[in-house]
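As a plain string of letters, each chain reads:
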Amino acid sequence: MNYLVDIILIALSAALINNFVLYYFVGICPFIGVSRRVDMAFGMGCAVTFVITIAAFLSWTITTMVLIPGAPLSSFVAGFFLSKEAASTIDLTVLSYIVYIFSIASSVQFVEMYVRKFFPILYKSFGVFLPLITTNCAILFACLTIMSNVVGVENPADAWDLWHSLTLAFFGGVGFTIAIVIMSGIREDLELCDIPEPFKGAAITLVVGGILALSFMGFTGVDSGLRKAMTPAQETAMVLPLEPAQTAMIEFNQGGMDQ
Amino acid sequence: MADQPTASERFLQGILPENPVYRQLLGLCPTLAVTNGMKPAITMAVSVAFVLVCANVVISLIRNLLKPHLRIVIFTLTIATFVTIADRVLAAYLYQMSKTLGPYIPLIIVNCIIICRCEVCASKQSPFIAASDALGQAIGFGLALSSIAAVREILGTGGLFGIQLLPAAWPDWVIMVLPPGAFITLGLLLGFVNWLGMRKSGGSI
């Protein structure tokens, strides 16, 4: 039950409350650059969601299998050269950035080949933006969030497993798509507005993005309310603080039973 | 290469005429994320400057070995190496600041400014010109970051570097240090810079 609650809360938080674009400011470049037409923005959002999920799968697998201390693959390889205790302490997390950027670049290459083969029209409309997904901060940000939830956790039971990571990545991509599609809808109307000359283009887009971020701040606190609503009733009752009178009553009853 | 600008021209161009934030609209993620105070903004600018100069010099040294279709991968791997160095140094000497900046230091890897400078300048020119270009862009980036951070911190908390500047009656405008304030401040400053540029060039407003 708690596992499911965690998954739902991660999804909700990534998509709406801590939206990648409007809360963490990652993926601003396509947010400003591509969001002129709704259909293109939606296609870009889908591509990013797809790449981000693949990259999250790769980065979670590599982190747990190779990078963290005591990871199966690295300690197996090091076992040929070192003693067993020394091999299980090999820590490769310092290489994580290089490994992540490499896995992202290769998955973008894969998506590019796939889209070029099966959706040539979409491929043409993306143009130069498809390879630029490699340098989209949102994807590296998802990988880093997963890493920070796998590597540095105090309690090993709290470390994320594969499904947590995939949920964060997929719904982060969905949140990115939501933000960029809303923005492109607004921008299609902005074309017809009478905007002061210096503000045309990026400046007014940023101001509108600020107002959009302001409205997304309205989701703050939804997660704690939802967690309370979804936790089973008897658990909630256990953590509720007792009134002083009730405590006295319980003590009195226990005292009475002792006698 | 007679038509290429010289080193000093490159250096000056980066500071105002081709300012990475206000003119080219590059590197907006850290610009928006770390400018809620002056200290994180300056730390960020210094780390970006370090990575930018080192990556530009290295790319410029190996520019004759680069294959065109592999260059982006080489760029990102070079940048990732220097970002790892910067991240470890920050974690060792400025632990609290590296906690505050969080994932935005590793996100320098995908910062468009550095990739753009590698592509435009370093992969074509000698190390000295590349270094001066990188230095100019880094100073321009630092000026842009500190201008945004100054506006946000003064309006948001009434002080700068934690020193109270505005009278105590000033109500803290908390929204300025929250995410929406970043978008709105940058949008308004961008409009202001555009307006200055238009007035200078004699355009009609």
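Every residue gets a number counted from 1 within its own chain, in the order that chain's sequence is written. Here every chain gets a letter starting at A, and every ligand a number starting at 1, in the order they are written. For this predicted model, a pLDDT threshold of at least 70 governs which residues receive local features, and a threshold of 80 or more governs which side-chain atom pairs are given and counted, while totals over whole chains, interfaces and linings are taken from all residues. To get the side-chain values, all heavy atoms of the structure are used, and hydrogens and water are removed first.

## Here we look at the interface of chain B and chain A
When the parts come together, some accessible area is lost, and that loss is often what is quoted as the size of the interface.
Link 1 in the chain: Whether two residues are in contact is decided by their heavy atoms: any pair within 4.5 Å suffices. Counting from both sides, the interface comprises 37 residues of chain B and, opposite them, 34 residues of chain A.
Link 2 in the chain: For any pair of parts, buried area is found by adding up, for both, the accessible area (1.4 Å probe) each one loses once the two are put together. Between chain B and chain A, the buried area comes to about 3,200 Å², and carbon and sulfur atoms account for 87% of it.
Link 3 in the chain: Looking at the side of chain B facing chain A, the largest losses of area belong to Cys29, Val110 and Phe183 of chain B, adding up to 21% of the total buried there.
Link 4 in the chain: The rule for a salt bridge is simple: a side-chain nitrogen of Lys or Arg has to be within 4 Å of a carboxyl oxygen of Asp or Glu. Where chain B touches chain A, the interface holds zero salt bridges.
Link 5 in the chain: Here a polar contact means two N or O atoms within 3.5 Å. Within protein one must be a hydrogen donor candidate and the other an acceptor candidate, and residues neighboring in sequence count only if both atoms are side-chain atoms. If you look at where chain B meets chain A, you find three residue pairs in polar contact (both at pLDDT 80 or more).
Link 6 in the chain: Helix and strand definitions follow DSSP, with helices as H or I runs of at least four residues and strands as E runs of at least two, each counted in order from the N terminus. It is helix H8 (residues 179-200) of chain B that provides the largest number of residues to the side of chain B that touches chain A, a total of 13 residues.
Link 7 in the chain: Only Asp, Glu, Lys and Arg are considered charged in this grouping, and only Ala, Val, Leu, Ile, Met, Phe, Trp, Tyr, Cys and Pro are considered nonpolar; every other residue, Gly among them, is considered polar. Of the residues that constitute the side of chain B that touches chain A, the class distribution is 29 nonpolar, six polar and two charged.

## Points about the UniProt feature "transmembrane region" (unreviewed entry) in chain B
Residue and element names in this part refer to chain B.
Link 1 in the chain: UniProt positions are given in the numbering used here, feature names are shortened, and annotations may be inferred rather than shown by experiment. In the numbering used here, UniProt assigns the feature "transmembrane region" (unreviewed entry) to residues 41-62, 74-95, 101-122, 134-155 and 175-196.
Link 2 in the chain: Taken end to end, residues 41-62 is 95% helix and 0% strand, and its first and last C-alpha atoms sit 32 Å apart.
Link 3 in the chain: Helix makes up 55% of residues 101-122 and strand makes up 0%, while its end C-alpha atoms are separated by 28 Å.

## Comments concerning the confidence of the model for chain B
Link 1 in the chain: Values of pLDDT, ranging from 0 to 100, describe the predictor's confidence in every residue of the model. Looking at chain B as a whole, the pLDDT averages 84, with 96% of positions reaching at least 70.
Link 2 in the chain: ipTM for the predicted complex: 0.83, alongside a pTM of 0.82.

## Digging into the nonpolar core
As a rule of thumb, soluble globular proteins bury nonpolar side chains together.
Link 1 in the chain: We call a set of buried Ala, Val, Leu, Ile, Met, Phe, Trp, Tyr and Cys residues a nonpolar core when their side-chain atoms join them within 4.5 Å. Remark: exposure states derive from per-residue accessible area (1.4 Å probe, protein chains only) relative to the maximum for the residue type, with buried under 20%, exposed over 50%, and partly exposed in between. Formed by 114 residues in total, the largest nonpolar core has its most connected members in Leu22, Ile28 and Ile133 of chain A together with Leu107 and Phe183 of chain B.
Link 2 in the chain: A per-element tally of this core places helix H9 (residues 137-150) of chain A first, with 11 residues.
Link 3 in the chain: Not counting the four nearest positions on each side in its chain, Leu22 of chain A is found in contact with Phe31, Ala179, Gly209, Leu212, Ala213 and Phe216 of chain A together with Pro179 and Phe183 of chain B.

## So, the state of the cysteines
Residues and elements named next belong to chain A.
Link 1 in the chain: Any cysteine sulfur atom paired with another within 2.5 Å is treated as part of a disulfide. According to the stated counting rule, one finds zero disulfides over all chains in the structure shown.
Link 2 in the chain: Considering cysteine sulfurs only, Cys137 is the nearest to Cys143, which forms no disulfide, with 12 Å between them.
Link 3 in the chain: Assessed through its relative accessible area of 1%, Cys143 is described here as buried.

## A closer look at the packing of helix H11 (residues 202-216) of chain A against H8 of chain B
Link 1 in the chain: Axis definition: a line fitted to C-alpha atoms, limited for helices to the stretch in contact. Angles are taken between N-to-C directions and run from 0 to 180 degrees. With their axes 7 Å apart at the nearest point, H11 of chain A and H8 of chain B run at an angle of 165° to one another. The angle between the axes of H11 of chain A and H8 of chain B places the two elements in the roughly antiparallel class. As for the relative orientation of H11 of chain A and H8 of chain B, their crossing is left-handed in sense. Two secondary-structure elements touch here, H11 of chain A through Ala202, Ala203, Leu206, Val207, Gly209, Gly210, Ala213 and Leu214 of chain A and H8 of chain B through Pro180, Phe183, Ile184, Leu186, Gly187, Leu188, Leu190 and Gly191 of chain B.
Link 2 in the chain: Split into classes, the residues belonging to the contact of H11 of chain A with H8 of chain B amount to 12 nonpolar, four polar and no charged. If an angle is under 35 degrees, it is roughly parallel; if it is over 145, roughly antiparallel; if it lies from 65 to 115, roughly perpendicular; otherwise it is oblique. Note on convention: the crossing is left-handed when the near helix lies turned anticlockwise from the far helix by less than a right angle, right-handed when the turn is clockwise.

## What to know about the side chain of Asn194 of chain B
Link 1 in the chain: Looking at the secondary structure, you find Asn194 of chain B in helix H8.
Link 2 in the chain: Overall, the relative accessible area of 19% leaves Asn194 of chain B in the buried class.
Link 3 in the chain: When sequence neighbours within four positions are dropped, the list of residues in contact with Asn194 of chain B reads Pro198 of chain A together with Arg23 of chain B.

## Examining the pattern of salt bridges
Residues and elements named next belong to chain B.
Link 1 in the chain: The final tally for this structure, using the stated rule, is six salt bridges over all chains.
Link 2 in the chain: For Glu119, the salt bridge goes to Arg71, with nearest N and O atoms at 3.0 Å. One end of the pair, Glu119, is in helix H6 (residues 112-122); the other, Arg71, is in helix H4 (residues 71-93), with 48 residues separating them in the sequence.
Link 3 in the chain: Here Arg71 falls in the partly exposed class, since its relative accessible area comes to 29%.
Link 4 in the chain: In this structure, Arg117 engages Asp133 in a salt bridge whose closest nitrogen and oxygen atoms are separated by 3.1 Å. Of this pair, Arg117 sits in helix H6 while Asp133 sits in helix H7 (residues 127-157), and the two are 16 residues apart along the sequence.
Link 5 in the chain: What makes Arg117 buried here is its relative accessible area of 3%.

## Side note on the environment of Gly185 of chain A
Link 1 in the chain: Here Gly185 of chain A is to be found in helix H10 (residues 162-190).
Link 2 in the chain: Taking C-alpha positions, Gly185 of chain A is 9.7 Å from Asp39 of chain A, a pair spaced 146 residues apart along the chain.

## A look at the side chain of Ser75 of chain A
Link 1 in the chain: One can find Ser75 of chain A in helix H4 (residues 72-78).
Link 2 in the chain: In contact with Ser75 of chain A, not counting residues within four places along its chain, are Gly70, Ala87 and Ser88 of chain A.

## A short note on the packing of aromatic side chains
All names here are of chain A.
Link 1 in the chain: Aromatic rings from Phe, Tyr and Trp, with only the six-membered ring used for Trp, were paired whenever their centres fell within 6.5 Å, and each pair was classed as stacked if the ring planes differed by under 30 degrees, edge-to-face if by over 60, and tilted otherwise. Under the criterion given, the structure shown has 11 aromatic pairs over all chains.
Link 2 in the chain: Measuring from ring centre to ring centre gives 5.6 Å for Phe216 and Phe219, while their planes differ by 65°; the resulting arrangement is edge-to-face.
Link 3 in the chain: Aromatic ring contacts, followed pair by pair, group Phe20, Tyr23, Tyr24 and Phe141 into a single cluster.
Link 4 in the chain: When the ring centre of Phe118 is taken as origin, the NZ or CZ atom of Lys117, which lies over that ring, is 5.5 Å away. Both a distance and an angle decide whether a charge sits over a ring: NZ of Lys or CZ of Arg must be within 6 Å of the ring centre and within 35 degrees of the ring normal.

## Some details on the packing of helix H3 (residues 38-61) of chain B against H4 of chain B
All names here are of chain B.
Link 1 in the chain: Where H3 contacts H4, the two axes come as close as 9 Å, and the packing angle between them is 140°. In terms of axis orientation, H3 runs oblique to H4. Pair H3 / H4 crosses with right-handed handedness. Packed against H3, whose contacting residues are Thr43, Ser47, Phe50, Val51, Cys54, Ala55, Val58 and Ile59, the element H4 presents Phe75, Thr78, Ile79, Phe82, Val83, Ile85, Ala86 and Leu90 at the interface.
Link 2 in the chain: Split into classes, the residues belonging to the contact of H3 with H4 amount to 13 nonpolar, three polar and no charged.

## Quick notes on H10 of chain A
Link 1 in the chain: What a helix should span is 1.5 Å times the count of its residues minus one. The end-to-end C-alpha separation of H10 of chain A is 42 Å, in line with the 42 Å expected for 29 residues at 1.5 Å each.
Link 2 in the chain: The N-terminus of H10 of chain A is capped by Asp161 of chain A, whose side-chain oxygen sits 3.2 Å from the backbone nitrogen of Trp163 of chain A.

## Looking at the environment of Val34 of chain B
Link 1 in the chain: Here Val34 of chain B lies in the loop between helix H2 (28-33) and H3.
Link 2 in the chain: Setting aside its immediate chain neighbours within four residues, Val34 of chain B contacts Pro40, Ala41, Met44, Leu101 and Tyr104 of chain B.

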